[in-house]
Amino acid sequence: MRICSLFGGLAAVLLAGVCWPHDPLPSVVLFAHFETSPDKKALWHMQQELDSILAPAGFKTAWVIAPEIPATCRDCHLTNIRFLGRCDIKRPARELVSANWLGRTITSEGELFPFVEVNCNRIEWLLGIAIEDRQPAWSEQVLGRAFARVLAHELYHVLANTKGHGASLLTRKQLSREALLAQHLSFDMEDIARIRR
Ligand SMILES: [Zn+2]
């Protein structure tokens, strides 16, 4: 393991984590905590989708699934991800959940923290009938992809160190249901330029 720091600002803090020898891309280390046990296949699809979204920006992910993560993380060298609610396909959320956000990056006094929350219940509610009463393999894939896209939107904020939004379906202010369900979704060139800056 060796230290690497390729970009300035907050991205440098995140990347100061690990660069595995011989890996072609630097890793964004994601320290993830699930409030309830995730669906393992959906989790696999999420990781695959997130890596395919981040690769053009020059990153891959390294996951650490943790039983606990700290409530705040001002100086940590990881991105903390907290998955809230039910993250499986066994009991899709049929009722409107009160929190209307899909994901968010924590800020304090105007400063972005490498701390992201993903609202599984809201994502499942938004997908709705698209994942209900379908073949489990299909639902797991769609759910995993949707989690990855919400996470990619928030990681855009973290890696580009910006609270602003882009013009792509992935980084515009509102992630739509259509974007979550699309066969393919990626950063556009401007998104990538902001992340690499
Ligand atoms: Zn946003």
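Coordinates for the structure precede this section.
Everything quoted here is computed from the prediction, not taken from an experiment.

Some remarks on the overall build of the protein chain
Turning to step 1, where the next piece is worked out: The helix and strand inventory of the protein chain stands at 6 helices and 5 strands.
Turning to step 2, where the next piece is worked out: Overall, the protein chain shows an N-to-C arrangement of helices and strands of α-β-α-β-β-β-β-α-α-α-α.
Turning to step 3, where the next piece is worked out: Each of the 197 residues in the protein chain was classed as buried or not, and the buried ones make up 39%.
Turning to step 4, where the next piece is worked out: Pairs at least 24 apart in sequence give 68% of the contacts found in the protein chain among residues at least 6 apart.

Let's talk about the packing of helix α4 (residues 136–160) against helix α6 (residues 189–196)
Turning to step 1, where the next piece is worked out: As a packed pair, α4 and α6 sit with axes 8 Å apart at the nearest point and diverge in direction by 40°. Classified by the interaxial angle, the pair formed by α4 and α6 is oblique. In this structure, the crossing between α4 and α6 has a hand that is left-handed. Each of Tyr 156, Leu 159 and Ala 160 in α4 lies in contact with α6, whose residues at this interface are Asp 191, Arg 194 and Ile 195.

Some thoughts on the environment of Ala 32
Turning to step 1, where the next piece is worked out: Relative to the helices and strands, Ala 32 is located in strand β1 (residues 27–34).
Turning to step 2, where the next piece is worked out: We classify Ala 32 as buried; it has 23 C-beta atoms within 10 Å.
Turning to step 3, where the next piece is worked out: In contact with Ala 32, not counting residues within four places along its chain, are Trp 63, Val 64, Ile 65, Ala 66, Ile 81 and Phe 83.

Let's talk about the sheet that holds strand β5 (residues 111–119)
Turning to step 1, where the next piece is worked out: Taken in spatial order, the 5 strands make up an open sheet running β2-β1-β3-β5-β4, and their pairing is mixed. Each having just a single partner strand, β2 (60–65) and β4 (103–108) make up the two edges of the open sheet. The mean inter-strand angle of the sheet, taken between neighbouring strand axes irrespective of direction, is 30°.
Turning to step 2, where the next piece is worked out: Two elements, strand β3 (residues 79–84) and β5, share 5 bridges in a ladder whose sense is parallel. Bridge pairing in β5 links Leu 84 to Asn 119.
Turning to step 3, where the next piece is worked out: Contacts from α4 reach β1, β3, β4 and β5 within the one sheet, and its direction differs from that of β5 by about 175°.

A short note on helix α2 (residues 40–54)
Turning to step 1, where the next piece is worked out: Taking 1.5 Å of rise per residue, 15 residues should cover 21 Å, and α2 covers 21 Å from first to last C-alpha, within 8% of that figure.
Turning to step 2, where the next piece is worked out: If you check which residues of α2 are buried, you get Ala 42, Leu 43, His 45, Met 46, Glu 49, Leu 50, Ile 53 and Leu 54. For α2, the angular spread of the buried residues around the axis is 160°, confining them to a single face.
Turning to step 3, where the next piece is worked out: Each element contacted by the buried residues of α2 is listed here: β1, β2 and α4.

A short note on unusual backbone geometry
Turning to step 1, where the next piece is worked out: Residue Glu 109 is not a glycine yet carries a positive backbone phi of 50°.
Turning to step 2, where the next piece is worked out: Mapped onto the elements of the fold, Glu 109 is located in the loop between β4 and β5.
Turning to step 3, where the next piece is worked out: By C-beta crowding, Glu 109 is classed as exposed, having 4 other C-beta atoms within 10 Å.

Here we look at the nonpolar core
Turning to step 1, where the next piece is worked out: Core analysis: the biggest nonpolar cluster contains 46 residues, and Ile 81, Val 118, Ile 123, Phe 147, Val 150, Leu 151 and Ala 152 have the highest contact counts within it.
Turning to step 2, where the next piece is worked out: At the level of elements, β1, α2, β3, β5, α3 (120–127) and α4 are the ones that each hand at least two residues to this core.
Turning to step 3, where the next piece is worked out: Here the element with the most residues in this core is α4; it accounts for 12 residues.

Concerning the pairing of β5
On a regular strand, each side chain points to the face opposite its neighbour's, so the side chains alternate between the two faces of the sheet.
Turning to step 1, where the next piece is worked out: Pairing between β4 and β5: 5 bridges, direction antiparallel. Following the sheet pairing, Thr 107 is matched in β5 by Leu 112.
Turning to step 2, where the next piece is worked out: Here β4 folds back onto β5, and the loop between the two strands holds 2 residues, one of which, Glu 109, carries a positive phi near 50°.

Calculation notes
- Residues numbered from 1 in each chain as written.
- Predicted model: local features only at pLDDT ≥ 70, side-chain atom pairs only at ≥ 80, totals over all residues.
- Helix = DSSP H or I, 4+ residues; strand = E, 2+ residues; numbered from the N terminus.
- Buried ≥ 20, exposed ≤ 12 C-beta atoms within 10 Å, placed from the backbone.
- Contact = placed C-beta atoms within 7 Å.
- Axes fitted to C-alpha atoms, helices over the stretch in contact; angles between N-to-C directions.
- Parallel < 35°, antiparallel > 145°, perpendicular 65-115°, else oblique.
- Left-handed = near helix turned anticlockwise from the far one by under 90°.
- Pairing = 2+ DSSP bridges.
- Expected span 1.5 Å × (residues − 1).
- Arc of directions from axis to C-beta.
- Core = buried A, V, L, I, M, F, W, Y, C linked by C-beta atoms within 7 Å.

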